[in-house]
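Working through the structure, step by step
Residues per chain are reported as follows:
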Amino acid sequence: ALRSRAEWPDDEVATQLYPHNADVDRINNDALGRINAPSRVYTMYAEGAKPLVEGLKRGCLSPETLVLKDGAAVMFTRNNFDKGYVNGTLGTITGFAESGFPLVRTRAGECIEAGTEEWRIDDQARTLAKIVQVPLRLAWAITVHKSQGLSLDSAVMDLSHAFEYGQGYVALSRVRSLSGLYLSGFNARALEVHPSIKERDAHFRAASNAAQTAFAAMPASELAALHKNGAEFPIELSL
């Protein structure tokens, strides 16, 4: 099934996933540079204790300095259901509003003004740290690591240089359906499961089979009594 997706999409908005930052930066910078239009620069605002601010920045997909042009492929980096976007919504910059914020035409055809959003750490009523940025990033390419937590309509993946167990799974599971997957390359490591995970999986399956056998051997009256009393059936999960 995966080999059947070895094709390139006609949709320019399909995001490319790569294992390495160098590939992503090169593709995004080259694509933005080919657009003959003025640049708009949005600089992240931050306040609070430096360690907390740095933690917020690491968890934010929007860059500290966001450079956009009319026609740029972008991705929303925050959930805002009221405004009509979620983390991973893809679109294209179609201009800039009078406010100065970018206008994004999504794949669904909606036009959204992308105003700033806040990422913050609160302690009850007190804000310990926050960052403020336009919730967008360039979306011609993104790293597999940064794609975690995203749900993409379509993506082009080159996993031929995958170097960690599980990278292939993380990348493949970002796409909502097989029809949105375009696989330009992969290696054996990209699709391998870590040996320790295989070992624990075998342990859990054996424990599950043993429990199923034990329950099957119980008299129906005893099993019904256990369910009625809300009995718990612990399974060892220590690693």
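Some details on the overall build of the protein chain
The number of helices and strands found in the protein chain is 5 helices and 14 strands. By the burial criterion, 37% of the 239 residues in the protein chain qualify as buried. Partitioning the contacts of the protein chain with sequence separation of at least 6, the portion at a separation of at least 24 is 67%.

As for unusual backbone geometry
Apart from glycine, the bulk of residues carry a negative phi angle, and the bulk of peptide bonds sit in the trans form. The backbone phi angle of Q124 is positive, close to 55°, even though this residue is not glycine. For Q124, the location among the structural elements is in the loop between strand 9 (117-123) and strand 10 (126-133). Accessibility expressed as a relative area gives 78% for Q124, which makes it exposed.

Regarding the sheet that holds strand 8 (residues 111-113)
What the 5 strands build is an open sheet, ordered 8-7-6-5-11; its pairing is antiparallel. Strand pairing shows two members of the sheet lacking a second neighbour, strand 8 and strand 11 (136-138), which therefore form its edges. Each strand axis lies, on average, 45° off the axis of its neighbour in the sheet, ignoring direction. As paired elements, strand 5 (residues 73-76) and strand 11 share 3 bridges and run antiparallel to each other. From the neighbouring strand, M75 faces strand 11, where its bridge partner is R137.

Remarks on the side chain of Q133
Residue position: Q133 is located in strand 10. Polar side-chain contacts of Q133 include one of 3.1 Å to the backbone oxygen of Y42. In contact with Q133, not counting residues within four places along its chain, are Y42, T43, M44, S62, P63, E64, T65, L66, T116, E117 and W119.

So, the pattern of salt bridges
What the rule picks out here adds up to 7 salt bridges. The partner of E54 in a salt bridge is K57, and the shortest N-O contact between them spans 3.8 Å. A residue pair is termed a helical-turn pair when its members lie 3 or 4 positions apart in one helix, as E54 and K57 do in helix 2 (residues 50-59) at 3 residues. Note that E118 is salt-bridged to K130, the shortest N-O span being 3.4 Å. Of this pair, E118 sits in strand 9 while K130 sits in strand 10; the two residues are 12 residues apart in sequence, bridging distant segments of the chain. What makes E118 partly exposed here is its relative accessible area of 27%. Since its relative accessible area comes to 16%, K130 is described here as buried.

Reading the values: rules and limits
Residues numbered from 1 in each chain as written. Predicted model: local features only at pLDDT ≥ 70, side-chain atom pairs only at ≥ 80, totals over all residues. Heavy atoms only, no water. Helix = DSSP H or I, 4+ residues; strand = E, 2+ residues; numbered from the N terminus. Buried < 20%, exposed > 50% of the residue type's maximum accessible area, 1.4 Å probe, protein only. Contact = heavy atoms within 4.5 Å. Pairing = 2+ DSSP bridges. Axes fitted to C-alpha atoms, helices over the stretch in contact; angles between N-to-C directions. Polar contact = N/O pair within 3.5 Å; in protein donor to acceptor, adjacent residues only side chain to side chain. Salt bridge = Lys/Arg side-chain N within 4 Å of Asp/Glu carboxyl O.

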